[in-house]
Amino acid sequence: MTIERKIREHLHETAETLECPPAISKRIEQSYSHYLQRKRSEKTMKKRLIGGIVAAAILIPTAAFAAPPLIEMLTRTPLTAEQVKVDEVSKATLEKLYSAFPETKSFEIVDASNVQGEAINPKDSTDLSKIKVNQTSIILQEKGGTGKKITLHINAGTGEIEHVDQENWEPKEKPLISLTDQEIKAKVDNLIEKMYGSVNAYEFAMEQMENPDQKVLMLNYIIKGAEKPFYQVFVHDNAINLTRVGGEPAPSHIKVEGLFTRDGKPDYTYDSILNDDKLFSLLQISPTELKEELAKGQSVADIAASKNISKQQVLEVIANTQVEKQLEAEQNGVVPKSNRSKEQLLKDIEPKLLLILDHKNETPSN
Amino acid sequence: MQSEYMYQLLTEMKDGDQQAFQTLYDATYQDVYRTVSFLVDHQQDREDVMNEIYMQMWTSLANYDSNRPFHFWLHGLVIRQVQRFRVKSWRRFRIFERIRAFTREESHWDQPAVLMDGTNQMISQAIQKLTDKQRMVIILRFYHDYTLEEIATLLDIPLGTVKSRYHAGLQALRKKIWNLPPERMEKINDY
């Protein structure tokens, strides 16, 4: 008998002895009825994708992912479009959406629901700590066309938008994922800027998830110095799933863009330094007023002088903020330790900040 | 079973027909389970892979090429899920289990000992010792009787690669079986 024949016979004989354990059949049957349930509630796509994404997200230790699937375990109360329109928080969110994406005004609210209760929010596998959940979700969809769809999950208590899912905004023939990395980033940046504000204060990282069946990109936006991503975005197929993970609160001092301009465009480095709450209170000025003053061609030093505050005082305040940030980042291991004392750092930074205090925006030549 | 009928069942199943699911499951699970068992060694892993295969079945129906026989499509699903399972780094969660499994490496295939004579055990072990890639080709060739061309399509690799894996696999098996004691060799050769 040839070896080929022997192997063939052996395999078939062995196969006869292999019986599929009933436990497996049972499990698959359960999977199927889960699938049916989801299908009936017409949310198959969303949940399946999120499920897959979360499974993938667990692989990356730095990725903190807020937990939509845990929330799904609580019962959702459906809301009618009318209920959404009278609810203060939802109304405000919709207004925001309409002004960010005017085309959404014509969209139909295809689904809305609210969920309340306590969900388990484990920090690790043994943790059972719970979080209170009160979330309203609204799904809007364009009639006809490419079926553009946008889903908003809002914290019904604070009105914060916790997740945004944008689907089908690109033509079917050229789905989002087929674009180049730069184009994808631009799309995501645009979504964040419209829904939340400037992305310039964040450090950015993009990586491709290990998923051979489907290309999934993960984009993290991290506040400089923070450990956890602030926005975490998954891009797959023709969808952007944006989650405000919020390892830390949004920097309150990033209030105004364009305090300083260079070639007519905001200078974000200078902006981020001047958006300092302590500076505003020292000068007793609101960020918007400061912007107006600077636009007239005055320098920060000029403004301080007009209020009888010395340049040195201003310098101390902003230098202190910057050095504290630097030290904190070193502490957290975000930047390598410089092993310099606070005094040394303050001394180093002062000449750089002096430039900012004396900087004058170019005023219109006319 | 006819491919067209199977396709119809699949569609009904996808639309939520429990009966269609049952029929389709009953018609396929033994074959799928056995194939998976040949390719994946540990019981818990087989269970996971099986579940993934069937979940894939009702979610990726759109990819079904009705020009190809149903079983070809089904085996494609099986292979992709087995490969995916191997690649996936969530296996790291199983490290503990794998260490445990290492200590009883010899008992992978759960065959009843009575049915197995020494030669058969030898072949089983030899097949298990093949690399995953070789094993995949050997199982498809000898258990499912696919041609090497079909295997190339299923695995989505060039024919040349299939051939080299096939020959390398066979050679490894031959070598193992050459090492049998002389009386066993006679038994193999006396047909």
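Our structure is the block above this text.
Conventions adopted
- Residues numbered from 1 in each chain as written.
- Chains lettered and ligands numbered in written order.
- Predicted model: local features only at pLDDT ≥ 70, side-chain atom pairs only at ≥ 80, totals over all residues.
- Heavy atoms only, no water.
- Helix = DSSP H or I, 4+ residues; strand = E, 2+ residues; numbered from the N terminus.
- Buried < 20%, exposed > 50% of the residue type's maximum accessible area, 1.4 Å probe, protein only.
- Contact = heavy atoms within 4.5 Å.
- Areas by Shrake-Rupley, 256 points an atom, 1.4 Å probe, with all protein chains shown as cover.
- Pairing = 2+ DSSP bridges.
- Salt bridge = Lys/Arg side-chain N within 4 Å of Asp/Glu carboxyl O.
- Core = buried A, V, L, I, M, F, W, Y, C linked by side-chain atoms within 4.5 Å.
- Expected span 1.5 Å × (residues − 1).
- Bend = angle between axes of the 7 residues up to and from the residue.
- Polar contact = N/O pair within 3.5 Å; in protein donor to acceptor, adjacent residues only side chain to side chain.
- Axes fitted to C-alpha atoms, helices over the stretch in contact; angles between N-to-C directions.
- Parallel < 35°, antiparallel > 145°, perpendicular 65-115°, else oblique.
- Left-handed = near helix turned anticlockwise from the far one by under 90°.
- Nonpolar A, V, L, I, M, F, W, Y, C, P; charged D, E, K, R; others polar.

Novice: Quick question: what am I supposed to make of the overall build of chain A here?
Specialist: Of the regular secondary structure elements, chain A holds 13 helices and eleven strands. Across the 366 residues that make up chain A, the buried fraction comes to 43%. The contacts in chain A between residues at least 6 apart in sequence include a share of 53% that link residues at least 24 apart. Looking at chain A as shown, the accessible area adds up to about 19300 Å², and 51% of this sits on carbon and sulfur atoms.

Novice: Would you mind showing me how to read unusual backbone geometry here?
Specialist: It is generally the case that most residues other than glycine have a negative phi and that most peptide bonds are trans. All names here are of chain A. A positive phi angle, close to 60°, is found at asparagine 168, a residue other than glycine. Residue position: asparagine 168 is located in the loop between strand 5 (161-167) and helix 7 (181-195). Classification of asparagine 168 as partly exposed rests on a relative accessible area of 26%.

Novice: Explanation requested: the pairing of strand 4 (residues 149-155) of chain A in the structure shown.
Specialist: On a regular strand, one side chain projects to one face of the sheet and the next to the other, so that they alternate. Residues and elements named next belong to chain A. Within strand 4, six of the seven residues are buried, which leaves it mostly tucked inside the rest of the structure. Bridge count between strand 4 and strand 5: six bridges; the pairing is antiparallel. Of the residues in strand 5, the one forming a bridge with histidine 153 is histidine 163. In textbook terms, the turn of a hairpin is the stretch between consecutive antiparallel strands, and for strand 4 and strand 5 this stretch comprises five residues, one of which, glycine 159, has a positive phi near 80°.

Novice: How should I be thinking about the pattern of salt bridges in this particular structure?
Specialist: Pairing between side chains of opposite charge can happen when their charged atoms approach one another. In the structure shown here, the tally under the stated rule is 17 salt bridges over all chains. For A:Glu103, the salt bridge identified is with A:Lys148, shortest N-O distance 3.7 Å. Taken together, the positions of A:Glu103 in the loop between helix 6 (88-100) and strand 2 (108-120) and A:Lys148 in the loop between strand 3 (130-141) and strand 4 put the pair 45 residues apart, joining distant regions of the chain. Between A:Lys342 and A:Glu324 there is a salt bridge; the shortest N-O distance is 3.4 Å. Here A:Lys342 is found in helix 13 (residues 342-358), whereas its partner A:Glu324 is found in helix 12 (residues 311-331), with 18 residues between them in sequence. Overall, the relative accessible area of 28% leaves A:Lys342 in the partly exposed class. Salt bridges sharing common partners tie together A:Glu16, A:Glu19 and B:Arg34.

Novice: Help me understand the nonpolar core, please; the structure alone is not making it clear to me.
Specialist: Most often, soluble globular proteins keep nonpolar side chains buried together rather than apart. Grouped together as the largest cluster of nonpolar side chains are 65 residues, with contacts concentrated most on A:Ile7, B:Met13, B:Met50 and B:Met57. Those residues in contact with B:Met57 that lie beyond four places of it in its chain are B:Leu10, B:Met13, B:Leu24, B:Trp73, B:Leu74 and B:Leu77. A:Tyr98, A:Ala100, A:Phe107 and A:Trp169 belong to the second largest nonpolar core, which has 38 residues in total.

Novice: I tried to follow the environment of A:Asp237 on my own but got confused; where do I start?
Specialist: Note that A:Asp237 resides in the loop between strand 8 (231-236) and strand 9 (239-244). Remark: the alpha-carbon pair of A:Asp237 and A:Ile177, spanning 60 residues in sequence, is separated by 5.5 Å.

Novice: It is not clear to me how helix 13 of chain A should be interpreted in this structure. Could you clarify?
Specialist: All names here are of chain A. Here helix 13 spans 24 Å end to end across 17 residues, near enough to the 24 Å set by a 1.5 Å rise per residue. When the local axis directions of helix 13 are compared, the greatest deviation, roughly 40°, occurs at glutamate 350, which is followed within four positions by the proline proline 351. Buried residues along helix 13 sit in contact with helix 8 (268-274), helix 11 (300-306) and helix 12.

Novice: I'm lost on the pairing of strand 9 of chain A in this one. Help?
Specialist: Residues and elements named next belong to chain A. Counting buried positions along strand 9 gives five out of six residues, so the element sits mostly inside the fold. Where strand 5 meets strand 9, five bridges bridge the pair, whose relative direction is antiparallel. Paired with aspartate 165 across the strands is asparagine 241, a residue of strand 9. Pairing between strand 8 and strand 9: six bridges, direction antiparallel. Of the residues in strand 9, the one forming a bridge with valine 235 is isoleucine 240. Linking strand 8 back to strand 9 in an antiparallel pair, the connection comprises two residues, with aspartate 237 at a positive phi of about 45°.

Novice: Honestly, helix 2 (residues 18-39) of chain B in this entry has me stumped. Any pointers?
Specialist: Since there are 3.6 residues in each turn of an α-helix, residues three or four apart along the chain are aligned in direction. All names here are of chain B. Here helix 2 spans 29 Å end to end across 22 residues, near enough to the 32 Å set by a 1.5 Å rise per residue. Helix geometry: helix 2 is bent most strongly at threonine 28, by close to 45°. Between the side-chain oxygen at the start of helix 2 and the backbone nitrogen of glutamine 19 there is a gap of 2.8 Å, and the oxygen is on aspartate 17.

Novice: Explanation requested: the environment of B:Asn67 in the structure shown.
Specialist: Residue and element names in this part refer to chain B. Structurally, asparagine 67 is set in the loop between helix 3 (43-59) and helix 4 (70-87). Accessibility expressed as a relative area gives 73% for asparagine 67, which makes it exposed. The spatial distance from the C-alpha of asparagine 67 to the C-alpha of glutamate 4 is 9.7 Å, given a sequence separation of 63 residues.

Novice: Explanation requested: the packing of helix 1 (residues 3-14) of chain B against helix 2 of chain B in the structure shown.
Specialist: Two measures define how a pair of helices packs: the angle their axes make with one another and the distance between the axes. Residue and element names in this part refer to chain B. Two elements in contact, helix 1 and helix 2, have axes whose closest approach is 8 Å; the angle formed by their N-to-C orientations is 135°. Regarding the angle of helix 1 to helix 2, the classification is oblique. In this structure, the crossing between helix 1 and helix 2 has a hand that is left-handed. Contacts between helix 1 and helix 2 pair Tyr5, Met6, Leu9, Leu10, Glu12 and Met13 from the former with Ala20, Phe21, Thr23, Leu24, Ala27 and Thr28 from the latter. Of the residues belonging to the contact of helix 1 with helix 2, the class tally is nine nonpolar, two polar and one charged.

Novice: Help me understand the side chain of A:Ser90, please; the structure alone is not making it clear to me.
Specialist: Residue and element names in this part refer to chain A. Looking at where serine 90 falls in the secondary structure, it is placed in helix 6. Its relative accessible area of 0% is what places serine 90 among the buried residues. Ignoring any residue separated from it by four or fewer positions in sequence, one finds serine 90 in contact with Val84, Thr136 and Ile138.

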